[in-house]
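Coordinates in review
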Amino acid sequence: MHNVHGILLVTLAMAGFTVEDMFIKQLSQSLPVGQILIMLGCGSATIFAALAGGRAIFARAAWRPLFVLRALSEATAAMAFVTALSLVDISVVAAVFQATPLFITMGAALFLGEEVGWRRWSAIGIGFLGVLMIIRPGLEGFEPAALFVLISVVAVAARDLITRRIDVAVSSFMVSFQGFAALVPAGAVLLMLADTGPRAISMTGGAMILTAVAFGAASYYAIVRAMRIGDAAVVTPFRYTRLLFSLVVGVIVFSERPDALTLSGAALVIGTGLYTFVRERRLARQARRGCIPPQRARGRRKPSQPFRERP
């Protein structure tokens, strides 16, 4: 039953993140992206500051260089992700974002010294081919703004790799507070670059912001809870339901019509991501039995903080 509850929580979290993305995309039609980031950052940071506790926020251990670097990665990911949402179909953004696990595996091999065999490297290469099918550079239908999603994916992968190295004594709530608080200066930078000031918010816009903050915070709690009560091998693949929810929202709310090339590319990305995950779990089991060196099994080195699905 724990796995069933975990699957339900992950699925609800993916639906919640999609609702948050929907409101952000709608707000971007009338508000500057930087202003949206500032409001999201203030709202979510306030929630996690309250959960972390006042003293924890000022603890010296939570402001070491790695924590600051992680927050900067979070800010970069959010700037790129929200910019992409404002310019590109939500279904395209969600499809490309599913390549994040592949980038994490590649980053772990290149920067953390973890051994990745030819099977997983092949899966990464095929997954990148799927990304190219979605973005289609040099072909008709290419949207340069879709490259912002790739920037976000790289920043999220960097954030999660840094998370493995930070002090586990610092609570997840504190780390989350730092990530959301970083959105405020990031939004200010975008406002300056766009040379536009903040605009007045209607009651409808204010309600959308509050709803987006509520869904984002609740979805984050749900994903953390799911990873604590369920087996990761069972619940993690259900993260890909986010793409399904995004496709539905794109068609119903934004009248999007993903073409066959986009859907085929998304299928390649998800398929290779699932293969990589299953392969890592198998290597982890073999490492526990002493069949292979433990450094080959990325699954044995668990992140010290839970993975956040949304930048």
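Up top is the structure.
Residues numbered from 1 in each chain as written. Predicted model: local features only at pLDDT ≥ 70, side-chain atom pairs only at ≥ 80, totals over all residues. Heavy atoms only, no water.

1. Remarks on the overall build of the chain
From N to C terminus, the chain includes 14 helices and zero strands. Sequence-ordered secondary structure for the chain, helices as α and strands as β, is α-α-α-α-α-α-α-α-α-α-α-α-α-α. In terms of overall dimensions, the chain has C-alpha extents of about 60 × 55 × 40 Å along its principal axes. Put simply, the chain has 311 residues, and 51% of those count as buried. Considering only contacts within the chain whose residues lie at least 6 apart along the sequence, 86% involve residues at least 24 apart. Total accessible area on the chain stands at roughly 14,100 Å², and carbon and sulfur atoms take up 67% of it. Taking the average location of the 30 positive side-chain charges in the chain and that of its 16 negative ones, the two points are 12 Å from each other. (Helix = DSSP H or I, 4+ residues; strand = E, 2+ residues; numbered from the N terminus. Buried < 20%, exposed > 50% of the residue type's maximum accessible area, 1.4 Å probe, protein only. Contact = heavy atoms within 4.5 Å. Areas by Shrake-Rupley, 256 points an atom, 1.4 Å probe, with all protein chains shown as cover. Lys, Arg positive; Asp, Glu negative; His and termini not counted. Charge placed at Lys NZ, Arg CZ, Asp CG, Glu CD.)

2. Topic: the nonpolar core
Judged by nonpolar contacts, the single largest core of 81 residues is most densely connected at I36, V93, V96, I134, M174, F177 and I223. Ranked by residue count, the leading element in this core is helix 11 (residues 203–229), at ten residues. (Core = buried A, V, L, I, M, F, W, Y, C linked by side-chain atoms within 4.5 Å.)

3. Notes on helix 6 (residues 100–111)
Here helix 6 contains twelve residues, and its C-alpha end-to-end distance of 16 Å stays within 8% of the 16 Å for a straight helix at 1.5 Å per residue. A large share of helix 6 lies buried, amounting to nine of its twelve residues. Among the residues of helix 6, those classed as buried are T100, L102, F103, I104, T105, M106, G107, A108 and A109. On the buried face of helix 6, the contacting elements are helix 5 (90–97), helix 7 (118–135), helix 8 (147–163) and helix 14 (260–288). Note on helix 6: the residue one or two positions beyond its end, G113, has a positive phi of about 75°. (Expected span 1.5 Å × (residues − 1).)

4. Quick notes on the packing of helix 4 (residues 65–87) against helix 9 (residues 172–181)
Angle between the axes and distance between the axes: these two values describe a pair of packed helices. Look at helix 4 against helix 9: their axes get within 8 Å of each other, and the N-to-C directions meet at 50°. With respect to helix 9, the axis of helix 4 lies oblique. Here the hand of the crossing between helix 4 and helix 9 comes out right-handed. Packed against helix 4, whose contacting residues are F67, R70, A71 and E74, the element helix 9 presents V175, Q178 and G179 at the interface. Class assignment of the residues belonging to the contact of helix 4 with helix 9 gives a composition of three nonpolar, two polar and two charged. (Axes fitted to C-alpha atoms, helices over the stretch in contact; angles between N-to-C directions. Parallel < 35°, antiparallel > 145°, perpendicular 65-115°, else oblique. Left-handed = near helix turned anticlockwise from the far one by under 90°. Nonpolar A, V, L, I, M, F, W, Y, C, P; charged D, E, K, R; others polar.)

5. What to know about the pattern of salt bridges
Under the defined criterion, the tally for this structure stands at eight salt bridges. Across the pair E280 and R120 runs a salt bridge, and its minimum N-O distance is 3.5 Å. You can see E280 sitting in helix 14 and its partner R120 sitting in helix 7, a full 160 residues away along the chain. For the pair E280 and R120, a shared accessibility class is recorded, and that class is buried. When salt bridges with common partners are traced through the structure, they connect R70, E74, R159 and D160 into a single cluster. (Salt bridge = Lys/Arg side-chain N within 4 Å of Asp/Glu carboxyl O.)

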